[in-house]
Structures are given as C-alpha cells and as structure tokens.
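Each chain, written out:
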There are 2 protein chains.
Amino acid sequence: MTLTMTENEIALAIIQALKEGKKNSLQDIIEELQPYDMAQQYHQLPKKHRNKFILYLSIEQLTSFIQELDKEEQLDILYKLGIEKSTKVLDLMENDDLASLLTDLDQDKIEELLSEMKQEESQIVQNLMNYPPETAGRIMNNRFVWISKHYTIREAVDKLKHFAELAEYLNYLYVIDDEKSLVGVVSYKDLLLGDLHDKIEEIMYSRVVKVDVLTDQEEVAKLISRYDFVSIPVIEDEDKLVGVITVDDIIDVVIQEANEDIEKLSASGKAIDFNTKPLVAAYRRLPWLILLLFIGLVSGSIIDGFSATLEEAVALAFFMPMIAGMTGNTGTQSLAVVVRGLVSSDLTFKEVIKLILRELWVGIIIGITCAIMIAIIAFIWQGNLTLGLVVGASLLITLIIGTLAGTVIPLILYKFKVDPAVASGPLITTINDILSLLIYFGIATIFISKLM
Amino acid sequence: MTLTMTENEIALAIIQALKEGKKNSLQDIIEELQPYDMAQQYHQLPKKHRNKFILYLSIEQLTSFIQELDKEEQLDILYKLGIEKSTKVLDLMENDDLASLLTDLDQDKIEELLSEMKQEESQIVQNLMNYPPETAGRIMNNRFVWISKHYTIREAVDKLKHFAELAEYLNYLYVIDDEKSLVGVVSYKDLLLGDLHDKIEEIMYSRVVKVDVLTDQEEVAKLISRYDFVSIPVIEDEDKLVGVITVDDIIDVVIQEANEDIEKLSASGKAIDFNTKPLVAAYRRLPWLILLLFIGLVSGSIIDGFSATLEEAVALAFFMPMIAGMTGNTGTQSLAVVVRGLVSSDLTFKEVIKLILRELWVGIIIGITCAIMIAIIAFIWQGNLTLGLVVGASLLITLIIGTLAGTVIPLILYKFKVDPAVASGPLITTINDILSLLIYFGIATIFISKLM
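Residue indices follow the written sequence of each chain, beginning from 1 at its first position. Lettering for chains starts from A, numbering for ligands starts from 1, and both go in the order in which the items are written. For this predicted model, a pLDDT threshold of at least 70 governs which residues receive local features, and a threshold of 80 or more governs which side-chain atom pairs are given and counted, while totals over whole chains, interfaces and linings are taken from all residues. Calculation of side-chain values draws on the structure's entire complement of heavy atoms; hydrogens and water are dropped beforehand.

A. Just the pairing of strand β5 (residues 231–236) of chain A, in detail. All names here are of chain A. Throughout, exposure labels follow a simple rule: accessible area from a 1.4 Å probe, protein chains only, divided by the maximum for the residue type, with under 20% read as buried, over 50% as exposed, and the rest as partly exposed. Note on conventions: DSSP H or I runs of at least 4 residues are helices, E runs of at least 2 residues are strands, and numbering of each starts at the N terminus. Of all six residues making up β5, five are buried, and the element is well covered by its neighbours. Direction of pairing for strand β4 (residues 211–212) relative to β5: parallel, over a ladder of two bridges. Looking at β5, one finds that Val211 is bridged to Val234. Paired strands, in this sense, are two strands between which DSSP finds at least two bridges. Pairing of β5 with strand β6 (residues 240–246), which is carried by six bridges, proceeds in the antiparallel orientation. Note on β6: the bridge partner recorded for Ile235 is Leu241. What sits between the antiparallel neighbours β5 and β6 is a turn of three residues, in which Asp237 has the positive phi angle 45°.

Shown next as structure tokens:
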C-alpha cells in the first residue's frame, strides 16, 4: 500500500492514523518501512504525536525501530513504554545492540533494565558486557544457527527453517562437534547443491577463519574485508563457538576506526559529531589545545633565544613561518600515510625499514626541490646570496627531518602499542615547528657574519 | 588435509609439490585456502618457483587468486599465462573486478584483453567501464539471481539451485516483471518459510531500496550501512535491474572514502600507500607543499610588514608561533568534525546553521579559557599587563575565527560540490596562520604605545 507513496505522503498518513487513533492502520504503514525509515518518520513527527506513535507500535516494530535511535532516545522511549513493554523489547533486541545501549549506564540502572528480562537473554547480555570494549566479544551477537557435524543435510535444512529469522543476515551454518567446538562451516549453496542424505561432516569446509572473543574489532574488520565474508565466527577457550560478527556491524566498525584515525590526525577529541553539545565538544578539544599552547611557547622561547641573530638579520624572520609551516606539513603528510597504511596491512620489521627508507627518499626529493626554489626566491627577493643558501639549506634539512619524524614517531608508538593519539597531526606539526626553528636559526647563526 | 597445518608447513608443502612437479597435490593444497591466503603464499614463494606455481593452478584457482593481487601483478600473470589461459580467467573473473583491472590501461591493451573473451562477458565489462568512476554502475556486478514475479517458490528455488554459485554472496532474490523492471525482493528466509506453490508476487517485499547506476559510491555505502543490507540492487532508466552491489565491495569503498578524507585533511596527496615508489609519492605530495610554501611566504611578509611593531616590542615575537599554531590547530579540529560528519549524514540548511552556531560557541568557550591562561602567563612572565591583555585578546579572537574558518570553509565547498581537498588541513592551518598574525599584530600596533 505504501509502495507508491512518497516520504511525505507516508508522514501525513501516519499523522492521520495517529489523530484518528487507528492503531492498526498505523502498524500497517510502519510494517512496510525499513527500520531506518521508521526512525526518520519518527524524527519528522511533531513532538505532540510522538508518544502516541510509540505506544501504537507492535513490540516487533518497536524493537527494530528503537535500534536505529541514539542512546538518549532509546532510554527515553524505554522509559515511556513502561517496564513491562520495554522488557519485551529488550528481550527481542539484538544482544550486541543491547550491550552497547547499556554501556556506560550506571550499574543499578542496568540491573533495573535487565532484572525483568528473560533470564537467559539478560545473562547473555551481561556476558557480552564483560568483554573489553572494541573486542570481538563485545560486538558479536548470538543470532546464528549452528548444526552438529553428525547432521544430514536434511536435518540441517530443517533446523535452518526452524530458526529462519535468525539466519537472515547469514549465508553460512557453523558446524560444531559434541564438545561444541567449531569444526567447520557450510554455505546455503552447499546445502542446496548437496544430496539430502549427505552428512554435513562430508560437505563442510573445515579450514574455518575465526576470531577469539578478545580479538580487537579493527582486526576483525581486516579479516572480514580481506576474505569478503558476510560473517565470521567468534570462539572462546581455543575453539568453543560463542557468537558471530556480521558484516553490517563491521561496516560501523570500519567507519568508527576511520573516525578515530582522523581524531588522532587532527587531535579533534574523541567522539564529537554534529549533535555534540558545545560545552562537551569544547571540553573534549581543550586538553589538546592547552598542551599545544605550552608547546607553542617553546617555539616562542627559541625565537627569543635567537633574538640576537634575529636583530642582526631581520630578513630571517621573513622566512621563519614558511620553514616552520612546511616542516609541519610534510610531517603530517607522512603521518597520514602511516596511520592509514596500518589500517589495511600489518607491518613486518623488514617492511618498516623499507617504509622508513622510502620516506627518507621522499624527504630528500621534496627537500631538494623546495630548497632550490626558496634559495632562488630568497636571493632574488633580498639580493643576498648567503641568505638564499641559509634558507635553502635549512629547508632541505628540516623537510627531511620533518618527513622522518612524521613516519618514525607513529611507527614507534604502533610498535609499543601506545595509543597513537599521541602522534596527532598538530603534535607532530608542533614538534616539527620546534625542530625547524632550531635548525634554521642554528644554521643562520653560523653564517651570521656573512648575512649582514 | 591442510586443516591442521600452519602457514609455514603449507608453504613448505607447496614448494615441495612444485619441486617434485606434482601438479595435482599442489591444486589439492590450494583448494583448501582462501583466495587471500593463496596470494599470501604466492608472495612468500621464492621468485624462482612463482611461474611454475601459476602454471600449476586450475583456471578456477587462478581466478580467485588473481583477484587478490594488485594491478601490476595481475597484468604480469595474465601475460605469463598466455592469451588462451588468461582469457579463460578473465571470463570467470567478477566483472567489477575486471573493470577496475582494466581502468587506466591504454585502449588497445584493453581491446587485446577483451577481444578473446566470450562476447557477452566482454560486452558487460565494456558497459561497466562506460560508467563514471566511483559510481554504482562502476562497482556493481552481475553475479545475482533474478526471478520473475510470476514464478512459484518452487520455480524460484530451482533457479536458485541452478545458479547457486552466483548466489554465494547474496541472501535475497530480486524480482522483475515482464519489462525486466525491478518490482520486489525475496529473502531466502521467505523461500524457506513459504509454501512451494506460493506465487513470488504474493510473498515478495515491494518497497525495494535501490540505487541508480550513476549514484555516487559513497551514497551507496551510506544506504547499505543504514539498512544493514548484504547487497543492494542497481537500476538504470527508472527501474530496469542491471546489477547488484555487495557489501564486501562496500567495505572497500568505505575504507577508500575514509582514506580520501584523510588525504584531504593532511594534504598528503592521492593514493599513496606503503608500496608507492619514492618518486611517485614525492611527485604527488609536492604540489601541495609548493602551494603552501608560497602561502607561507605571505605570513612572512605580514611579519615583515609589522617589523616596526616587532622591533619596538620584541616580546611580541615570543607569543607569535603559539598564537599562529593554536589558531591552525583549532581550525583543523573543526575541519575534521565537519568532514567526518558529512560521511554519515547529509545536512539540511537548518542543521548547517545549527552546526555553525555550535562551533561558534565552541570557539568562544575555548577562546576564553585559553585567553585567560595566556594572559596570566604573559603578565607573570614579562611583567607587562598590557602585553598580557594584548596576547589574551588576540588569542580569544583568533581562536573564534579559526574555529569558524575550519567549519565554514568545508561546508561552503560541500555546498557548491567543489572538491573539498581544497579545504585540506594544512591549507586551513596556513590560512589561519595568516589571519592570526594580522589580528595579533593589528591589536598590538593599536596598543603599541602602552607595550613599551
């Protein structure tokens, strides 16, 4: 019925159904929508209609709808639903989504929510929440179908039919032995092609790619995108199958990890999006800025220290910002290459050396190019050959060092598993500022006699 | 057999099979490996064994293996295989991968490769390559199963069985009418649960989310991650079904788009990874650096222009790098928030205003905080109250302006669909450098009398 309707027509139909109190016709409309679109409609709905909207939805609709909202809205709605209805929703929610909903709620709030739920469901969620954040255990879900290796294809298909709604996102069945150990995987295709009497054991693929509950989610994303899987099984204690991670969760991980990389590069502070309140955003950004403020004063004191040189050859001040800026920029460029490169490939020691040498060469090439340009500019502009040479030589050296700093610092942090946020772009920029000023004025001071 | 073997044991087994010329036992080993792992083994293989390795593989193995390699290797191997064998491989390759392999090869090379292929296959690839890069048409593939709405479930299942290997990555069947128009979608689950005699028409879901061939790949990624789809149908001329895009391709898109965002933020130049040659990397990075070199000289000339002020109050030079740096940093922070925010949400005008006001507030808050700190520091350090006020006031204003610049500039570029690479981090940093110097020295010059 909604098939031919536009977003707005649907919106109107929803409001009408709400005004006329037609619960069923509302549910019929919603039934046709994707969860994301339900959420869109809810957000466009005038505030005064929202409560009614929520109360009219069926439990199933509420469940798929609520998973599209952000945490505050979810809690708000659960509260409005009342304990009984909301518990039903929680029971139906995918337990990885539920776990992330409960994350950083205070303990008694969590217990209040979980207490009413079905024992086994709430237990599962509790378990999920015991795994450290950003691990496979935390993002896995238990909505998968496992079969025993002793099954025949017919038995497998029957079980699949029985648990069909679980199998929605998957196209494999995971095979376990009598100890619940993961021993193989069978694709729907195998089931379709095989003979109904074939034993699963005989048709299953045994070399299963799997991850441990404690595997970092970034690592899981790497595997899934490498192997083009739709899902990957999660094991505990060597080989016990405890869950699966589906590709739709992984896309979110990839986006999240990319955002984290960019936060590192720009020191823009954790988890700031378009909805973050000004005070919160400022609070998250300030620590970096204050740190950088003090580092900035260091550059200042360097200039201060060389004020004698500066006063003797004021022309030096002219090229100061350019040299400092360029060194910072080339460092950021190298940093970006390293940080993103580490996303898709793990580095062997040999590759690290290769990378550093590569960047050294890059530094030398861009160094020489820019040095020659600026030397000529400086000479023509100021009619002072020595100045040209001093500026050129400084730029050559600082660009090489800046490039190496942007490469080596993040690699060292990566090696020692230090949070590479420390290698943020602005920080590298500022370090390179300081280095470049020291080198520039150092060289200038040596040739000071010739500069005047 | 390889089940219990480690990577290294497999590597040894492969080498042994190659040395003893046992083609079959090599194929048996390879059969057990994922394509990605085949590629890994190939790369670990001593150069002298590689040719033999390639020649020993079956066409199917070659096909899945070759898709894991980068372009140069692919072409190299196709060449070594000789025209006959390589054509067979090309026929089997997923046509989206094939299209991207052929991208930016010269035309006659492409024709040489395609000429030998099955007519219909090469035609399909030719068509793909006619779509602009980074569109749905370019990344879609034709490995999907369509069914007529007139089918019964039994007929659908039969067709599915027949094309099982195509259906590997999908769990929906797309339904078309007599005009080949996409009219619905049916999940495997629906097929399993329905009665064999049910008409597809009756059980299909009609409100299909689809994309046009010309839809930007970033938009496709947005849709797939919103709706948690495993695949999305691609249509042409209103509703003709021409292909599907599967989630495994989308993950690559998400990673690629994230990398592009980072290239923008760090001006690090297009497509530089760990394997890029130094000269190429330098060549891609230099244009930015040269541009920034000249902009850097502008800052220099500003300092030069205020040299009178500087010489009268040398203490000003001390805080100069800090103010310039801070303004650049806060700008980069805002830029990062905007660029990444645009990945997951499209902005309405209302939201844009909201965002700008938010960032304005952020600028004011961090501005006031840092301004007070630096004013006190400046006062204590230099024992000059006016200097403290001048530095503090300048920092307040520059931080607010820097924050707004980092927000507004990318938004304007986004609005006018200009390549936001222009809004790269270093560029914003440099623009903010210039603004901050003008403001700082401007204010200082006003109070110059009091500064001495």
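Next comes the rest of the write-up.
B. Molecular detail of the sheet that holds strand β2 (residues 172–176) of chain B. Residue and element names in this part refer to chain B. In spatial order, the strands read β1-β2-β3; together these three strands make up an open sheet with mixed pairing. Two strands bound the open sheet, and with one partner strand each, they are β1 (146–148) and β3 (182–187). Put simply, the sheet's adjacent strands are angled 35° from each other on average, direction ignored. By the bridge criterion, five bridges tie β2 to β3 in an arrangement that is antiparallel. Paired with Val175 across the two strands is Gly184, which belongs to β3. Interaxial angle, 0 to 180 degrees, is taken between N-to-C directions of lines fitted to C-alpha atoms, where a helix line uses only the stretch in contact.

C. Quick peek at the interface of chain A and chain B. Contacts between the two partners involve 112 residues from chain A, matched on the other side by 112 residues from chain B. Contact with chain B buries surface across chain A, with Arg207(A), Phe274(A) and Arg285(A) losing the most and accounting together for 9% of the total. Here a salt bridge means any side-chain nitrogen of Lys or Arg lying within 4 Å of a carboxyl oxygen belonging to Asp or Glu. If you look at where chain A meets chain B, you find two salt bridges. Among the ionic pairs, Glu359(B) bridges to Arg285(A), the shortest N-O distance being 3.0 Å. By the criterion applied in these results, polar contacts are pairs of N or O atoms within 3.5 Å in which, for protein atoms, one can donate a hydrogen and the other can accept it, and in which residues neighboring in sequence qualify only through two side-chain atoms. Run the count over chain A and chain B and you get 14 residue pairs in polar contact (both at pLDDT 80 or more). The contact criterion used throughout is that any non-hydrogen atoms of two residues lie within 4.5 Å. In this description, buried area is defined as the sum, over both parts, of the accessible area (probe of 1.4 Å) that is lost when the two are combined.

D. Expanded view of the sheet that holds strand β3 (residues 182–187) of chain A. Residues and elements named next belong to chain A. Across the sheet, three strands lie side by side as β1-β2-β3; this open sheet has mixed pairing. Looking at strand neighbours, the two that pair on one side only are β1 (146–148) and β3, the edges of this open sheet. Recorded for the sheet is a direction-independent mean angle of 35° between the axes of neighbouring strands. Where β1 meets strand β2 (residues 172–176), three bridges bridge the pair, whose relative direction is parallel. Its bridge partner lying in β2, Ile147 is registered against Val175.

E. Quick look at the UniProt feature "domain: CBS" (unreviewed entry) in chain A. Using the residue numbers shown here, the UniProt feature "domain: CBS" (unreviewed entry) corresponds to residues 140–202 and 204–262 of chain A. Span residues 204–262 of chain A is 46% helix and 25% strand, its end C-alpha atoms 42 Å apart. UniProt positions are given in the numbering used here, feature names are shortened, and annotations may be inferred rather than shown by experiment.

F. Layout of helix α3 (residues 35–44) of chain B. Within the span of α3(B), buried status applies to Tyr36(B), Asp37(B), Met38(B), Ala39(B), Gln41(B) and Tyr42(B). Buried residues in α3(B) make contact with α14 (217–227) of chain A together with α1 (7–19), α2 (23–31), α4 (47–56), α5 (59–66) and α6 (71–92) of chain B.

G. The arrangement of the packing of α1(B) against α3(B) in detail. Residue and element names in this part refer to chain B. Where α1 contacts α3, the axes come no closer than 10 Å and their chain directions differ by 65°. Taken together, the axes of α1 and α3 lie roughly perpendicular to each other. Between α1 and α3 lies a crossing whose hand is right-handed. Across the interface between the two elements, Glu7, Ile10, Ala11 and Ile14 of α1 pack against Asp37, Gln41 and Gln44 of α3. An angle below 35 degrees is treated as roughly parallel, one above 145 as roughly antiparallel, one from 65 to 115 as roughly perpendicular, and anything else as oblique. In this scheme the crossing of two helices becomes right-handed for a clockwise turn of the near helix relative to the far one and left-handed for an anticlockwise turn of less than a right angle.

H. Region of the structure containing the packing of aromatic side chains. Pairing of aromatic rings covers Phe, Tyr and the six-membered ring of Trp, with a centre-to-centre limit of 6.5 Å; geometry is then stacked below 30 degrees between planes, edge-to-face above 60, and tilted otherwise. Counted according to the given criterion, the structure contains 22 aromatic pairs over all chains. Ring centres of Tyr227(A) and Phe229(A) lie 5.3 Å apart, and the angle between their planes is 20°; on these two criteria the pair is classed as stacked. Judged on exposure class, the residue Tyr227(A) and its partner Phe229(A) are both buried. On the basis of an interplanar angle of 80° and a centroid distance of 6.4 Å, the ring pair of Tyr172(B) and Phe229(B) is categorised as edge-to-face.

I. Region of interest: the pattern of salt bridges. This structure, assessed with the given rule, holds 14 salt bridges over all chains. Residues Glu20(B) and Lys22(B) are paired through a salt bridge, measuring 2.9 Å at the closest nitrogen-oxygen approach. Of the residues examined, Glu20(B) reaches a relative accessible area of 43% and is grouped as partly exposed. It is possible to trace a salt-bridge network through shared partners that takes in Arg285(A), Arg358(B) and Glu359(B).

J. The nonpolar core, seen in detail. As used here, the term nonpolar core means buried Ala, Val, Leu, Ile, Met, Phe, Trp, Tyr and Cys residues forming a set that is joined through side-chain atoms within 4.5 Å. Formed by 154 residues in total, the largest nonpolar core has its most connected members in Phe53(A), Phe65(A), Leu102(A), Ile250(A), Phe53(B), Phe65(B) and Ile250(B). Apart from the residues lying within four places of it in its own chain, the contact partners of Phe65(A) are Met38(A), Ala39(A), Tyr42(A), Phe53(A), Leu57(A) and Ile77(A).

K. Examining a negative patch on the surface more closely. Residue and element names in this part refer to chain A. A patch consists of residues whose relative accessible area exceeds 30% and which take part in no salt bridge; residues with like charges are grouped when within 9 Å of each other, and nonpolar side chains (Val, Leu, Ile, Met, Phe, Trp, Tyr) when within 5 Å. Surface accessibility follows the Shrake-Rupley procedure with a 1.4 Å probe radius. Residue values consider only the protein chains on display as shielding. Just so you know, the count uses Lys and Arg for positive and Asp and Glu for negative, and it drops His and the chain ends. Positions of charges follow a simple convention, taking NZ of Lys, CZ of Arg, CG of Asp or CD of Glu. The grouping of Asp106, Asp108, Glu111, Glu112 and Glu116 at the surface amounts to a negative patch. Inspection of the secondary structure puts Glu111 in helix α8 (residues 107–115). According to the relative accessible area criterion, Glu111 is partly exposed, its value standing at 42%.

L. How the structure looks around the UniProt feature "transmembrane region" (unreviewed entry) in chain A. Following the UniProt record, the feature "transmembrane region" (unreviewed entry) maps to residues 286–303, 315–339, 360–381, 387–414 and 426–448 of chain A here. Helix makes up 100% of residues 315–339 of chain A and strand 0%, and the two end C-alpha atoms of the span are 38 Å apart.

M. Inspection of the relation of the copies chain A and chain B at higher detail. Each copy is superposed on the other by least squares, with the fit set by C-alpha atoms of residues at a pLDDT of at least 70 in both. When chain A is brought onto chain B, the operation consists of a screw motion whose angular component is 180° and whose axial shift is 0.0 Å, with 0.1 Å RMSD remaining. Taken together, the rotation and translation relating the two chain copies correspond to the operation of a two-fold axis. Counting the interface residues of chain A, we find that 100% of their copies in chain B are interface residues as well, pointing to one common contact surface.

N. A look at the domain arrangement of chain A. Here the domain parsing of chain A yields domain 1 (2–139), domain 2 (146–254) and domain 3 (278–451). Residue ranges assigned to each domain were obtained from an automatic or database domain assignment. When each unit is reduced to the centre of its C-alpha atoms, the spacing between domain 2 of chain A and domain 3 of chain A is 50 Å.

O. Layout of unusual backbone geometry. Residues and elements named next belong to chain B. Although it is not a glycine, Glu134 adopts a positive phi angle of roughly 60°. The residue Glu134 is located in the loop between α9 (119–130) and α10 (136–139) in this model. Assessed through its relative accessible area of 28%, Glu134 is described here as partly exposed. Positive phi, close to 60°, is recorded for Lys180, a residue that is not glycine. For Lys180, the position within the fold is in the loop between β2 and β3. For Lys180, a relative accessible area of 46% gives the class partly exposed.

P. Summary view of helix α19 (residues 349–382) of chain A. With 34 residues, α19(A) should reach 50 Å at 1.5 Å per residue; the first-to-last C-alpha distance of 47 Å fits that figure. Looking one or two residues beyond α19(A), the residue adopting positive phi is Gly383(A), at roughly 55°. Here the expected span of a helix is defined as 1.5 Å times the quantity of residues minus one.

Q. Broad picture of the environment of Asp96(A). All names here are of chain A. Following the sequence through the fold, Asp96 ends up in helix α7 (residues 95–102). For Asp96, a relative accessible area of 6% translates into the label buried. Each C-alpha atom of the pair Asp96 and Ile255 lies 17 Å from the other, and the pair is 159 residues apart in sequence. Excluding its chain neighbours within four sequence positions, the residues that come into contact with Asp96 are Leu128, Arg138, Ile139, Met140, Asn141 and Asp249.

R. Just a nonpolar patch on the surface, in detail. All names here are of chain A. A cluster of nonpolar residues, Ile368, Ile372, Ile376, Phe379, Ile380, Leu385 and Leu389, forms a patch on the protein surface that exposes about 700 Å² of accessible area. Sorting the residues of the nonpolar patch by element identifies α19 and α20 (385–415) as the ones contributing at least two each. Per element, the largest residue contribution to the nonpolar patch is five residues, and it comes from α19. Tracing the chain through its elements places Phe379 in helix α19.

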